[in-house]
Structure formats: C-alpha cells, structure tokens
Amino acid sequence: GKKISGALIESANGWFLIGVGINLDYAPDIPTNGPNYGRPSVSIRDYCPSLQETKQQARQVGIDLAYDLHSWLHQDSSNSIGDQEQSASSIVEGWKQWLDWDMELVMRDTPGRERVRLIDILPDGRVQ
C-alpha cells in the first residue's frame, strides 16, 4: 500500500509534540532505496480528482482534525476507566478491519532493516 499520511511524535522535558501530516493535494516522491527509503506516497487528490483543494480547505481539515481529537479526548476524560478502555478497544478493533495482515513491513530503525509481518494490534495500540 501507499502512504497517505504520517505522524511524528517527539518528547522533551516531559512534553510530547505530536504532528500529523496528510497528503491532500500532493504526494512527495519517496526514495525506494538508500538510507531514507520508504513506501511510495499517495494523495487524497489521487482518489478524488475533482477535489478543489485550496489553502483554506487544507487549513479547515487541520482545524477539524484538531477539534475532533480534542472533543474525543475530553469526552473520554469524563467517562469511567472502564468506558475509556471500551472506547479504545473499539478503535483498535475498527483499525484491525482495515489492515493488510499479509503486508511485509520494514523495521527501519534496526541495523539490518529486518522485514516483519503484523501479528496483532495490542489494546494500547502497539503492534506485535
């Protein structure tokens, strides 16, 4: 599969900075070999050619994503721990339906860039 988005999480001094990038209009060229290789990329426009992407629409996608994430996080904070665990579980189970379990993944942070396949998605979202 091709990559349509990515996430970057950095931490320092007890803080986390989380960034999400979504290829709305443009899919960058990704090297298929060498030290910085990765999966080919794709954009939403590749699947929706009639999309009339503008800077304002792209900005609105970011605002909507941030608002929805904030709402989801704060909604769960008012629920009991059991409700939060159930909500997280339903998200993980939903993602499992979309995964290509036969896709080979490359562990880019290992010296030999070993190739692996998914076995499971754990309840906290980690892959096995």
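Residues numbered from 1 in each chain as written. Predicted model: local features only at pLDDT ≥ 70, side-chain atom pairs only at ≥ 80, totals over all residues. Heavy atoms only, no water.

Draft legend 1. The environment of R115, seen in detail. Inspection of the secondary structure puts R115 in strand β4 (residues 115-117). Residues R115 and E104, spaced 11 residues apart in sequence, show a C-alpha to C-alpha distance of 6.4 Å. At 3.4 Å, the side chain of R115 and the side chain of E104 are in polar contact. (Helix = DSSP H or I, 4+ residues; strand = E, 2+ residues; numbered from the N terminus. Polar contact = N/O pair within 3.5 Å; in protein donor to acceptor, adjacent residues only side chain to side chain.)

Draft legend 2. Highlighting the side chain of S43. With respect to the secondary-structure elements, S43 resides in the loop between β2 (15-22) and α1 (44-47). If we ignore the near neighbours within four places in the chain, the residues touching S43 are I4, N23, L24, D25, Y26 and A27. (Contact = heavy atoms within 4.5 Å.)

Draft legend 3. Region of the structure containing unusual backbone geometry. Even without a glycine there, the phi angle at N13 is positive, about 55°. On the secondary structure map, N13 appears in the loop between β1 (5-12) and β2.

Draft legend 4. Highlighting the pattern of salt bridges. Using the criterion set out here, one finds four salt bridges in the structure. With a shortest N-O distance of 3.4 Å, R115 and E104 are connected by a salt bridge. Here R115, found in strand β4, pairs with E104, found in strand β3 (residues 104-106); they are 11 residues apart in sequence, far enough to count as distant. The exposed category is assigned to R115, whose relative accessible area is 53%. Several salt bridges share partner residues, and in doing so they unite E93, K96 and D120 into one network. (Salt bridge = Lys/Arg side-chain N within 4 Å of Asp/Glu carboxyl O. Buried < 20%, exposed > 50% of the residue type's maximum accessible area, 1.4 Å probe, protein only.)

Draft legend 5. Structural view of a nonpolar patch on the surface. On the surface, I9, F16, I18, V20, I22, V61 and L65 cluster together to form a nonpolar patch covering roughly 670 Å² of accessible area. Broken down by secondary-structure element, the contributors of at least two residues to the nonpolar patch are β2 and α2 (55-77). It is β2 that contributes the most residues to the nonpolar patch, four residues altogether. Checked against the element boundaries, I18 lands in strand β2. (Patch = residues over 30% accessible without salt bridge, like charges linked within 9 Å, V, L, I, M, F, W, Y side chains within 5 Å. Areas by Shrake-Rupley, 256 points an atom, 1.4 Å probe, with all protein chains shown as cover.)

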